[in-house]
Amino acid sequence: MTTHTYDGRALINGARVHARDGQTFDCISPVDGRLLTSVARCGQADVDAAVAAARAAFEDRRWCGLAPAARKRVMIRFADQLSAHADELALMETLDMGKPIQYARSVDVNSAANCLRWYGEAVDKIYDEIAPTASTALALIQREPMGVVGVIVPWNYPMIMAAWKIAPALAAGNSVVLKPSEKSPLTALRLAELALEAGIPPGVFNVVPGYGVEAGSPLALHMDVDCIAFTGSTRVGKQIHVMAGQSNLKRAWTELGGKSPNIVFADCPDLDKAVQAAVGSIFFNQGESCNAPSRLFVEAGIRDQFLEKALALVPGYAPANPLAPDTVMGAIVDQTQMNSVLRYIELGKQEGAALLAGGEQALVDTGGCYVQPTIFAGVTPDMTIAREEIFGPVLSVLSFTDAADVVKQANASVYGLQAAVWSRDINKAMGVARALRAGTVHVNQYDEDDITVPFGGYKQSGVGRDKSLHAFDKYTEMKTTWIRIDSPV
Ligand code: NAD
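Conventions we followed
Residues numbered from 1 in each chain as written. Predicted model: local features only at pLDDT ≥ 70, side-chain atom pairs only at ≥ 80, totals over all residues. Heavy atoms only, no water. Helix = DSSP H or I, 4+ residues; strand = E, 2+ residues; numbered from the N terminus. Rg over C-alpha atoms; globule rule 2.2 N^0.38 Å. Buried < 20%, exposed > 50% of the residue type's maximum accessible area, 1.4 Å probe, protein only. Contact = heavy atoms within 4.5 Å. Lys, Arg positive; Asp, Glu negative; His and termini not counted. Charge placed at Lys NZ, Arg CZ, Asp CG, Glu CD. Core = buried A, V, L, I, M, F, W, Y, C linked by side-chain atoms within 4.5 Å. Axes fitted to C-alpha atoms, helices over the stretch in contact; angles between N-to-C directions. Parallel < 35°, antiparallel > 145°, perpendicular 65-115°, else oblique. Nonpolar A, V, L, I, M, F, W, Y, C, P; charged D, E, K, R; others polar. Near = heavy atom within 4 Å. Polar contact = N/O pair within 3.5 Å; in protein donor to acceptor, adjacent residues only side chain to side chain. Areas by Shrake-Rupley, 256 points an atom, 1.4 Å probe, with all protein chains shown as cover. Phe/Tyr/Trp six-rings, centres within 6.5 Å; stacked < 30°, edge-to-face > 60°. Lys NZ or Arg CZ within 6 Å of the ring centre and 35° of its normal. Pairing = 2+ DSSP bridges. Expected span 1.5 Å × (residues − 1). Disulfide = S-S within 2.5 Å. Bend = angle between axes of the 7 residues up to and from the residue.

Colleague: What is the right way to look at the overall build of the protein in this model?
Modeller: In terms of regular secondary structure, the protein is built from 14 helices and 24 strands. For the protein, whose C-alpha radius of gyration is 23 Å, the value lies close to the compact-globule estimate of 23 Å for 489 residues. With the C-alpha coordinates of the protein rotated into their principal frame, the extents come out at 75 × 65 × 40 Å. Here the protein holds 489 residues, and the buried ones make up 57% of them. Of the contacts made within the protein by residues no fewer than 6 positions apart, 74% connect residues no fewer than 24 positions apart. Computed over 44 positive and 53 negative side-chain charges, the separation of the two mean positions in the protein equals 5 Å.

Colleague: Please explain the nonpolar core as it appears in this structure.
Modeller: Burial of nonpolar side chains together is a common tendency in soluble globular proteins. The biggest cluster of nonpolar side chains holds 60 residues, and the ones touching the most others in it are Phe78, Leu82, Leu170, Val176, Leu178, Ile200 and Phe205. Ranked by the residues each element gives to this core, the list is headed by helix 5 (residues 158-171), at eleven residues. When residues no more than four places from it in sequence are discounted, the contact partners of Phe205 are Leu11, Phe78, Ile166, Leu170, Val176, Leu178, Leu191, Ala192, Ala195 and Ile200. If you look at the next biggest cluster of nonpolar residues, it comprises 31 residues, including Ala386, Ile390, Val407 and Ala419.

Colleague: When you look at the packing of helix 7 (residues 212-221) against helix 8 (residues 234-246) in this model, what are you seeing that I'm missing?
Modeller: Helix packing for two helices is described by the angle between their axes and how far apart those axes are. Packing of helix 7 against helix 8 brings their axes to within 8 Å, and their N-to-C directions diverge by 45 degrees. Overall, the two elements helix 7 and helix 8 adopt an arrangement that is oblique. Only Ile240, Met243, Ala244 and Gln246 of helix 8 make contact with helix 7, whose side of the interface consists of Ser217, Ala220 and Leu221. Its residues assigned to classes, the contact of helix 7 with helix 8 comprises five nonpolar, two polar and no charged.

Colleague: Would you mind showing me how to read the site of the ligand here?
Modeller: Residues in close proximity to the ligand total 29 residues, the closest being Val153, Glu182, Ser233, Leu256 and Glu389. A distance of 2.8 Å is found between an oxygen atom of the ligand and a backbone nitrogen or oxygen belonging to Val153. Within the side chain of Lys179, a nitrogen or oxygen atom sits 3.0 Å from an oxygen atom of the ligand. Here the ligand loses 91% of its free accessible area of 840 Å² to cover by the protein chains. Of all the secondary structure elements, the ones that give two or more residues to the shell around the ligand are helix 7, strand 10 (227-231) and helix 8. For the shell around the ligand, the element with the most residues is helix 8, which contributes four residues. Looking at the shell around the ligand, its residues break down into 15 nonpolar, ten polar and four charged.

Colleague: I would appreciate a short explanation of the packing of aromatic side chains in the present structure.
Modeller: Tallied over the entire structure, the rule returns nine aromatic pairs. A ring pair is formed by Trp118 and Tyr119, whose centres lie 5.0 Å apart and whose planes are at 90 degrees; its orientation type is edge-to-face. Exposure remark for Tyr119: the relative accessible area of 0% places this residue in the buried category. Relative to Phe391, the ring of Trp155 has its centre 5.3 Å away and its plane inclined at 80 degrees; by these criteria the two rings are edge-to-face. With Trp155 in the loop between strand 7 (148-152) and helix 5 and Phe391 in the loop between helix 12 (384-387) and strand 18 (394-398), the pair connects residues that are 236 residues apart, well separated along the chain. The exposure class of Trp155 is buried, given its relative accessible area of 9%. Taking NZ or CZ as reference, Arg343 lies 4.9 Å from the ring centre of Tyr344, over its face.

Colleague: I keep staring at the sheet that holds strand 21 (residues 440-443) and nothing clicks. Help me out?
Modeller: Through backbone hydrogen bonds, the strands of a sheet pair up, either in parallel or in antiparallel fashion. Overall, mixed pairing links the seven strands, which are arranged 14-17-18-13-12-20-21 in an open sheet. Each having just a single partner strand, strand 14 (354-357) and strand 21 make up the two edges of the open sheet. Strand-to-strand, the axes of this sheet are offset by a mean angle of 20 degrees, without reference to chain direction. Bridge count between strand 13 (residues 295-298) and strand 18: three bridges; the pairing is parallel. Bridge pairing links Phe297 to Leu398 in strand 18. Against the sheet, helix 10 (residues 300-313) touches strand 12 (261-264), strand 13, strand 14, strand 17 (374-377) and strand 18, its axis set at about 130 degrees to strand 13. Helix 14 (residues 426-435) rests against strand 12, strand 20 (418-422) and strand 21 of the sheet, and its axis sits at about 165 degrees to strand 21.

Colleague: Any chance you could explain helix 9 (residues 271-283) here in plain terms?
Modeller: One full turn of an α-helix is made of 3.6 residues, so residues set three or four places apart face in the same direction. Between its first and last C-alpha atoms helix 9 spans 18 Å; for 13 residues at 1.5 Å apiece the expected length is 18 Å, and the two agree. In terms of residue burial, helix 9 counts as a mostly covered element, since ten of its 13 residues are buried. If you check which residues of helix 9 are buried, you get Leu271, Ala274, Val275, Ala277, Ala278, Val279, Gly280, Ser281, Ile282 and Phe283. The N-terminus of helix 9 is capped by Asp270, whose side-chain oxygen sits 3.3 Å from the backbone nitrogen of Asp272. Just downstream of helix 9 lies Asn285, where phi reads positive at about 55 degrees.

Colleague: Explain the state of the cysteines here, please?
Modeller: As used in these notes, a disulfide is a covalent bond between sulfur atoms, one from each of two cysteines. Applying the stated criterion across every chain, the model contains zero disulfides. Between Cys42, a free cysteine, and Cys27, which holds the nearest cysteine sulfur, the sulfur-to-sulfur gap is 14 Å. A disulfide-free cysteine, Cys369 has its sulfur positioned 13 Å from the sulfur of Cys27, the nearest such atom.

Colleague: What is the right way to look at helix 5 in this model?
Modeller: Taking 1.5 Å per residue as the helical rise, helix 5 with its 14 residues ought to reach 20 Å, and the 20 Å between its terminal C-alpha atoms agrees with that figure. Its maximal kink placed at Trp164, helix 5 deviates by approximately 25 degrees, while the proline Pro168 follows within four residues. Directly beyond the C-terminal end of helix 5, a positive phi value near 105 degrees is found at Gly173.

Colleague: So what exactly am I meant to see when it comes to the sheet that holds strand 5 (residues 129-130) here?
Modeller: One open sheet accounts for three strands, arranged 5-6-24; its pairing is antiparallel. Edge positions in the sheet fall to strand 5 and strand 24 (476-484), since each has one partner strand and no second. Across two bridges, the pairing between strand 5 and strand 6 (residues 137-145) is antiparallel. By the bridge assignment for strand 6, Ile130 is matched with Leu140.

Quick look at the structure:
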């Protein structure tokens with residue numbers, strides 16, 4: 001393993017550079033507590049340099065001036081670079097944030113590469129519009145790149161979250177300054193190197209690692225950034241909108257937290273599948289998924305059977321070394337997040353929920369950060385574990401009386417990211433799906449996902465949508481050009 005070669009320097013204007021003031025922070029692996037490398041601790045001066053490089057690249061049109069078909073070819077080469085370096089990137093991601101390497105390889109690298117490829121493929125197939133005005137004029141409605149796009153992402157899917165934003169932003173012709181999470185900065189830096197090798201011109205894609213307040217806020221407040229695209233917590237997301245308003249009214253897009261309800265009626269068409277989805281989806285990625293179905297509502301008639309089947313699956317999710325090829329539950333991203341998850345588990349116990357499985361730290365001797373897959377039953381809507389996003393492998397099981405009651409409970413959340421309903425009655429399933437206030441509703445499954453569909457939430461789960469062609473709207477301005485036609489005929 002060659003982790004000592006990991007380069008933690010920023011990437012600004014096509015070159016790897018130290019932070020202007022030479023500051024660094026330690027990049028520690030949650031797998032076993034080892035020091036991976038030291039990373040540039042960027043601040044205002046570094047963000048200024050990155051934004052200046054991005055602006056210069058936009059102004060001289062070295063990227064946005066290319067024909068869409070030419071940008072497409074480079075974006076596809078960029079995607080190919082990820083695929084060619086899949087093993088290296090997967091290992092880096094696993095060491096940096098603790099997810100099982102089989103998923104880092106099969107999910108994270110592949111999804112990020114697919115996303116870059118898809119937006120590259122799309123960009124020379126989208127037409128602008130001509131408005132249906134009177135024949136004395138022609139009104140062109142065109143999309144233009146915004147300019148400099150700031151991107152701030154979290155640590156749970158570092159490459160995918162970055163790709164969902166940089167792919168449409170770059171394909172549309174913008175320049176980008178990306179600030180990865182301080183908890184998982186390494187793959188973003190490597191992506192920017194691979195972008196250069198693929199032919200994205202220097203200055204077009206810059207990466208400034210660092211802490212939120214020191215590197216993220218200067219980006220969100222910057223007067224020369226035209227758009228800020230953020231994924232992270234609702235707490236910080238609200239600040240992003242304030243910072244956009246306080247500075248230059250840059251466009252602000254936020255993909256935030258969730259507390260997604262998963263509703264299983266007694267007439268669920270396939271109980272085993274529903275149990276597998278309920279358990280597998282909350283424990284996937286150590287529960288560190290914004291769309292994890294963390295509130296499970298099971299109808300009384302099948303509750304005992306459902307829980308028995310769920311508990312039988314739990315041992316299969318026991319945490320293990322993320323570098324082992326068959327591990328399904330890896331490490332929590334760091335000590336702070338692990339302690340936060342354990343604190344929620346304590347609160348669940350104190351507030352009277354019934355702990356059915358897990359509840360403890362695991363693999364303590366490794367020096368890494370591991371938590372047992374945990375299930376609480378008897379959870380009531382007022383309990384902290386029913387209301388707050390835990391972002392760990394903790395499932396809260398609640399009860400309900402009928403469809404109207406469960407919809408009311410499901411919607412009684414500040415979040416509205418995703419939801420699911422299981423019933424073989426099409427009227428019930430679709431009626432409930434319609435009534436749920438969420439950006440995505442799953443019916444009789446929880447796995448379907450595709451780059452072609454929008455991803456984002458209602459309410460305090462954020463503003464705007466990632467993925468699909470709709471994402472281009474976030475990174476383009478709409479321009480109308482009126483042309484007078486004084487026709488001689
Ligand atoms: P976080 O809000 O703590 O941090 C996210 C990013 O914001 C990091 O890069 C961080 O450094 C930066 N940041 C922190 N404070 C900042 C500030 N004051 N100014 C500017 N930037 C700042 O979130 P996290 O713990 O990294 O990620 C977990 C959260 O992300 C969860 O709430 C999860 O639901 C959410 N998430 C949402 C989606 C989605 O698509 N809706 C996807 C993944 C994660």
